[in-house]
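Observations on the three-dimensional arrangement
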Amino acid sequence: MKTGNMCMAYGLKAREAVMQEILNPDITCIKCAFLVLQMNELFKKKELFKTRKNAMKKIKHKRLVITFAVLAVLVLLAALFCWWNSPEQIYARNKEALEEAVQTIQKTGSTKDIDIGGVSSIVYLSEAETKHPVIEFHTSSFGVMPPAPYVGLYYSVDGCPVADESGANLIADGDSWRWVGTGDNKGTTWQIEGNWYAYTAWY
């Protein structure tokens, strides 16, 4: 039996015993008064037990509400972080700087001294290295252990979507293209606008 049920059963038996004493015809006035006081104390203990039980229920309810609220905020923050760091948003915030970077890289062939917000690294694959030359702007990778997706955007010189450096074939999939390379390598690419594309890749 649970503790709360034991306390209630004990209190019920105690009240019954007191009532039997009060109904005893041989009882004295003093003893009767004492028993009435005792009965009153038992009622007070019962009410105190109910009050404490209700208070515990309210505390548990508040804790549950707070837990769900915290989880909802964390999910919202995670969604906001992913949106803010998406290739489309990075492109929208840095469109002019990205266009200037493409012109500079095509002229000099170098990616040095180019700093763009949200971009962690830049790779230039020229015509000598690939069939479809691109300038890749790596933005982020998610996850603390593999397989973690790599996310970024690239400028396609000839305007064609491309896979990774392995030259894997692209397969049209609605408004995007997917590719599968060697081993676990795979990815998806989609057009942002013009010659600009975004990608997600797993290695």
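Scroll up for the structure.
Now for a look at the structure at hand.

Definitions and cut-offs
- Think of each chain on its own: its residues are numbered from 1, step by step along the sequence as written.
- Confidence filtering applies because this is a predicted model: local features only for residues at pLDDT of at least 70, side-chain atom pairs given and counted only at 80 or more, and all residues used for totals across whole chains, interfaces and linings.
- Heavy atoms from the whole structure form the basis of all side-chain values; hydrogens and water molecules are not counted.
- The helix count covers DSSP runs of H or I at least four residues long, the strand count covers runs of E at least two residues long, and both are numbered beginning at the N terminus.
- Each polar contact in these results corresponds to two N or O atoms within 3.5 Å; when the atoms are within protein, one needs to be able to donate a hydrogen and the other to accept it, and residues that are neighboring in sequence are counted only if both atoms are side-chain atoms.
- Whether two residues are in contact is decided by their heavy atoms: any pair within 4.5 Å suffices.
- Throughout, nonpolar core names a set of buried Ala, Val, Leu, Ile, Met, Phe, Trp, Tyr and Cys residues whose side chains join them through atoms within 4.5 Å.
- For every residue, the accessible area (1.4 Å probe, protein chains only) is compared with the maximum for its type, and the residue is labelled buried under 20%, exposed over 50%, or partly exposed between those bounds.
- Note on aromatic contacts: the rings of Phe and Tyr and the six-membered ring of Trp form a pair at centre separations within 6.5 Å, being stacked when their planes are under 30 degrees apart, edge-to-face when over 60 apart, and tilted otherwise.
- For a ring to carry a charge above it, either NZ of a lysine or CZ of an arginine must fall within 6 Å of the ring centroid while also lying within 35 degrees of the normal to the ring plane.

Let's shift gears to the side chain of threonine 189. For threonine 189, the location among the structural elements is in strand S6 (residues 186-193). Engagement of the side chain of threonine 189 in a polar contact is seen with the backbone oxygen of alanine 198, the distance being 2.9 Å. Here threonine 189 is in contact with Tyr154, Pro161, Val162, Leu170, Ser176, Trp177, Tyr197, Ala198 and Tyr199, once residues within four sequence places are set aside.

Next up on the list: the nonpolar core. Among the nonpolar cores identified, the biggest contains 14 residues, and Leu98, Ile135, Phe137, Leu153 and Trp196 are the most heavily contacted of them. Those elements that place two or more of their residues in this core are helix H3 (87-93), helix H4 (95-108), strand S2 (134-141) and strand S3 (150-156). At 4 residues, H4 tops the list of elements feeding residues into this core. Leaving out residues up to four positions away in the same chain, isoleucine 135 has contacts with Val102, Ile105, Gln106, Ile122, Val123, Tyr124, Leu153, Tyr154 and Tyr155. Of all hydrophobic cores here, the second largest spans 10 residues; its members include Val162, Ala163, Ala168 and Ala201.

The next point concerns the packing of aromatic side chains. In total, this model carries 7 aromatic pairs according to the counting rule given. Ring geometry for tyrosine 155 versus tryptophan 196: centroids 5.3 Å apart, planes at 65 degrees, classification edge-to-face. You can see tyrosine 155 sitting in strand S3 and its partner tryptophan 196 sitting in strand S7 (residues 196-202), a full 41 residues away along the chain. Three or more aromatic residues link up through ring pairs in this structure, and these residues are Tyr91, Phe137, Tyr155 and Trp196. Just above the ring of tryptophan 84 sits the side chain of arginine 93; from NZ or CZ to the centre is 3.8 Å. Taking the ring centre of tryptophan 202 as reference, the NZ or CZ of lysine 186 above it sits at 6.0 Å.

Treat this as a map of the structure, not an account of what it does.
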